[in-house]
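Single-letter residue listing:
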Amino acid sequence: MTLPYGVLGMRAMRKSQIDLPGAAGLLVIATILAGNQIVMKLTATGLSPVFQAGVRSVLAFLVILGWVLLRGVRPGSFRRYFWPGVLLGVLFTAEFIGLYIALDLTAVSRASIIFYTMPMFLSLGAHLLIPDDRLTPVKVAGLVCAFLGVAIVLSDRSGGEASLAGDLLALMGSVCWAGIALTVRVSRISEAPPEAHQLWQLGVSALLLPALAPLFGPLVRDFGAEHAWLMAYQVLLVASFGFLFWFYLLKVYPASSVASFAFLTPVLSVVMGWAILGERLHLSVLVSLALVSAGIVLINRRAR
């Protein structure tokens, strides 16, 4: 079965399972996303977290809009998708206010473990809102693992790296991320192409985040040339072309198989936080990471 030209402009051949190129692509994406947590924390030394998120949304919106116009992608009716699109944008804004401030307050390892429990909240929401997406025994086991992982990391207040406010904000970001996924699945905007979803999220947040940023303190801290490069990483590798490549992989490989690789991102974030930022690997962090990673795999596992 062949698909039309995908978001990267290449003809996508549908495959029934992950092959070596697919695994390599997913590893690259997981590494880029894990590195993004480090980059966001480092960028916060030059730009305040919420203002940083706003700059990212503005620039990424322009990149995606340019790509859509270049490829001739039709994002669909503005009027038809207005309210679900606005909801996507508001949830996206809240998600990144939570995540960016969390990374400014707490360790990358803690924030990443908590943030990537999103499949847990998505599964619970889908069970309540989508009749054909009920919890199975395997998913329940995954939920239990993920809940235990979050409980352990939240209960550990040891060391100067731990911040309860930061941990809770990361949890808020995770809930909002799940809300975005549910909105896409249950609203009429599901009919629109993925680029339209991204345009709504980036477009609305490009308006809201810069407007809200002054409420969270000075916009600029100690900005230098290195922070411009760090922002370029966020805009181009993550929010723009990373997104496009991710949806290309979803066009080629089964969604459940692609989603199962999500456990790699918090694992790599913890390793990078230790290797680059010198974060200490407390036993509670390692146990939480193992439980949350196992939970993500189980939640995304296709029932047999």
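Here the structure is a predicted model, which means the values were calculated and not measured.

J.: Teacher, can you tell me more about the overall build of the protein here?
T.: Counting secondary structure elements, the protein contains twelve helices and two strands. Scaling as 2.2 N^0.38, a compact globule of 304 residues should have a C-alpha radius of gyration of about 19 Å, and the protein matches this with 19 Å. Summarising its shape, the C-alpha atoms of the protein cover approximately 55 × 45 × 35 Å along the three principal directions. Every one of the 304 residues in the protein was classed for burial, and the buried ones make up 50%. For the protein, restricting intrachain contacts to residue pairs at least 6 apart in sequence, the fraction spanning at least 24 positions comes to 86%. Accessible surface, the protein: about 13800 Å² in total, of which carbon and sulfur atoms supply 71%. Where the 21 positive side-chain charges of the protein centre and where its 13 negative ones centre are 12 Å apart.

J.: Can you walk me through the packing of helix α8 (residues 194-212) against helix α9 (residues 225-252) in this structure?
T.: Angle between the axes and distance between the axes: these two values describe a pair of packed helices. Relative to each other, α8 and α9 sit at 150°, their axes nearing to 11 Å. With respect to α9, the element α8 is oriented roughly antiparallel. Read as a crossing pair, α8 and α9 show a hand that is right-handed. Between α8 and α9, the contacting residues are P194, E195, Q198 and L202 on the first element and A239, F243, L244 and F247 on the second. For the contact of α8 with α9, the residue count by class is six nonpolar, one polar and one charged.

J.: Just to check I follow, could you spell out the environment of L87 for this structure?
T.: Within the secondary structure, L87 sits in helix α3 (residues 82-105). Put simply, L87 and W200 are 113 residues apart on the chain and 8.9 Å apart in space, counted from C-alpha to C-alpha.

J.: Could you clarify how one ought to interpret the packing of aromatic side chains in this entry?
T.: Here the distance between the centres and the angle between the planes together describe a pair of aromatic rings. Scanning the model with the defined rule gives eleven aromatic pairs in all. Aromatic pair F82 and W83: ring centres 4.9 Å apart, planes at 80°, arrangement edge-to-face. An angle of 15° between the planes, with centres 6.4 Å apart, marks the rings of F245 and Y248 as stacked. Taken together, the positions of F245 and Y248, both in helix α9 and three residues apart, correspond to about one turn of that helix. What makes F245 partly exposed here is its relative accessible area of 25%. Since its relative accessible area comes to 16%, Y248 is described here as buried. Through a chain of ring-to-ring contacts, three or more aromatic side chains come together here, namely F78, F82, W83 and W200.

J.: I would appreciate a short explanation of the packing of helix α6 (residues 137-155) against helix α12 (residues 283-299) in the present structure.
T.: Orientation of α6 relative to α12, taken along the N-to-C sense of each, is 160°, at an axis distance of 7 Å. By the criterion of interaxial angle, the relationship of α6 to α12 is roughly antiparallel. Judged by the sense of rotation from one axis to the other, the crossing of α6 with α12 is left-handed. Contact residues: V138, K139, A141, G142, L143, C145, A146, L148, G149, V150, I152 and V153 in α6; S284, V287, S288, L291, V292, G295, L298 and I299 in α12. Tallied by class, the residues present in the contact of α6 with α12 amount to 14 nonpolar, five polar and one charged.

Each value, and the rule that gives it
- Residues numbered from 1 in each chain as written.
- Predicted model: local features only at pLDDT ≥ 70, side-chain atom pairs only at ≥ 80, totals over all residues.
- Heavy atoms only, no water.
- Helix = DSSP H or I, 4+ residues; strand = E, 2+ residues; numbered from the N terminus.
- Rg over C-alpha atoms; globule rule 2.2 N^0.38 Å.
- Buried < 20%, exposed > 50% of the residue type's maximum accessible area, 1.4 Å probe, protein only.
- Contact = heavy atoms within 4.5 Å.
- Areas by Shrake-Rupley, 256 points an atom, 1.4 Å probe, with all protein chains shown as cover.
- Lys, Arg positive; Asp, Glu negative; His and termini not counted.
- Charge placed at Lys NZ, Arg CZ, Asp CG, Glu CD.
- Axes fitted to C-alpha atoms, helices over the stretch in contact; angles between N-to-C directions.
- Parallel < 35°, antiparallel > 145°, perpendicular 65-115°, else oblique.
- Left-handed = near helix turned anticlockwise from the far one by under 90°.
- Nonpolar A, V, L, I, M, F, W, Y, C, P; charged D, E, K, R; others polar.
- Phe/Tyr/Trp six-rings, centres within 6.5 Å; stacked < 30°, edge-to-face > 60°.

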